[in-house]
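Report on the structure
Chain by chain, the residues run as shown.
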Amino acid sequence: MRNKLITCSLALTLLMSSCATIVSGSRQNVKFSSNPSTATIFIDEVEVGKTPFEIKLARKSEHSVMIKLEGYQTYQTKLTKKFNGWFVGNILIGGLIGIIIDPITGAIYNLSPDEINAQMNKGTAFKSNGKDVYVAVALNIDPNWKKVGQLQEANN
């Protein structure tokens, strides 16, 4: 009976020795949506899908996100690393292995935000018909700016 108790205690200690890796894993689900939908999602400059979309991303890296839809301004954000509270389990239980493994696997982090809802703003940033690219620029007027000139139409 005593051997079973020791064996169970040892097994439990080994299982709990990397709390964040066991509970959270090294990858995290991140959800993407947009209004309007079917916008193209780029993560770290790689096209991954169209909204609505869900993907598992490595926790150990921060990720840059771009969401593009023709006729709308590009939406950009960054997924940042935040501390994962499950890592504290290693300290409380004495999981020396977990203190080493969790940072290596990235399970010591959570990605934030874990859900992105891009509200696409009207205004053409770019448009392409296959061979030509059209770029439109819209200036938002700041009332504090001083007017120094005016464009006039050229007479041909």
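Because the structure is a prediction, the values reported are computed rather than measured.

Proteins that are soluble and globular tend to have nonpolar side chains buried together. If you look at the biggest cluster of nonpolar residues, it comprises 16 residues, and the most contacted ones within it are F32, I43, L57, V65 and I67. At the level of secondary structure, the elements contributing two or more residues to this core comprise strand 1 (27-35), strand 2 (40-43), strand 4 (53-58), strand 5 (63-68) and strand 8 (115-119). Beyond its immediate stretch of four places on either side in the chain, I43 contacts F32, V48, I55, L57, H63, S64 and V65.

As a further point, take the sheet that holds strand 5. An order of 3-2-5-6-7 is seen for the five strands of this open sheet, with the pairing classed as antiparallel. Unpaired on one side and paired on the other, strand 3 (46-50) and strand 7 (109-112) mark the two borders of the sheet. Within this sheet the neighbouring strands show an average axis-to-axis angle of 25°, counted without direction. Pairing between strand 2 and strand 3: four bridges, direction antiparallel. For T40, the partnering residue across the bridge sits in strand 3 and is K50.

Before going further, it helps to spend a moment on the environment of I55. Take I55: it is sitting in strand 4. A relative accessible area of 19% places I55 in the buried class. Here the alpha-carbon distance between I55 and R27, two residues 28 residues apart in the chain, equals 9.5 Å. If we skip the residues at most four places from it in the chain, I55 touches Q28, N29, V30, F32, I43 and V48.

Okay, the packing of aromatic side chains next. Tallied over the full model, the rule gives zero aromatic pairs. Directly above the aromatic system of F42 lies the positively charged group of K68, at a separation of 5.4 Å from the ring centroid.

Across the sheet, three strands lie side by side as 4-1-8; this open sheet has mixed pairing. Of all strands in the sheet, those bounded by a partner on one side alone are strand 4 and strand 8. The mean angle between the axes of side-by-side strands here comes to 25°, regardless of whether they run parallel or antiparallel. Note: strand 1 against strand 4, six bridges, orientation antiparallel. Within strand 4, the residue paired with Q28 across the bridge is L57.

To continue, consider the side chain of S34. Relative to the elements of secondary structure, S34 occurs in strand 1. Looking at S34, its side chain comes within polar contact range of the main-chain oxygen of P36, at 2.6 Å. Sequence-distant contacts of S34, that is, excluding residues within four places in its chain, are made with A39, T51, N117, A118 and M120.

Basis of the calculations
Residues numbered from 1 in each chain as written. Predicted model: local features only at pLDDT ≥ 70, side-chain atom pairs only at ≥ 80, totals over all residues. Heavy atoms only, no water. Core = buried A, V, L, I, M, F, W, Y, C linked by side-chain atoms within 4.5 Å. Buried < 20%, exposed > 50% of the residue type's maximum accessible area, 1.4 Å probe, protein only. Helix = DSSP H or I, 4+ residues; strand = E, 2+ residues; numbered from the N terminus. Contact = heavy atoms within 4.5 Å. Pairing = 2+ DSSP bridges. Axes fitted to C-alpha atoms, helices over the stretch in contact; angles between N-to-C directions. Phe/Tyr/Trp six-rings, centres within 6.5 Å; stacked < 30°, edge-to-face > 60°. Lys NZ or Arg CZ within 6 Å of the ring centre and 35° of its normal. Polar contact = N/O pair within 3.5 Å; in protein donor to acceptor, adjacent residues only side chain to side chain.

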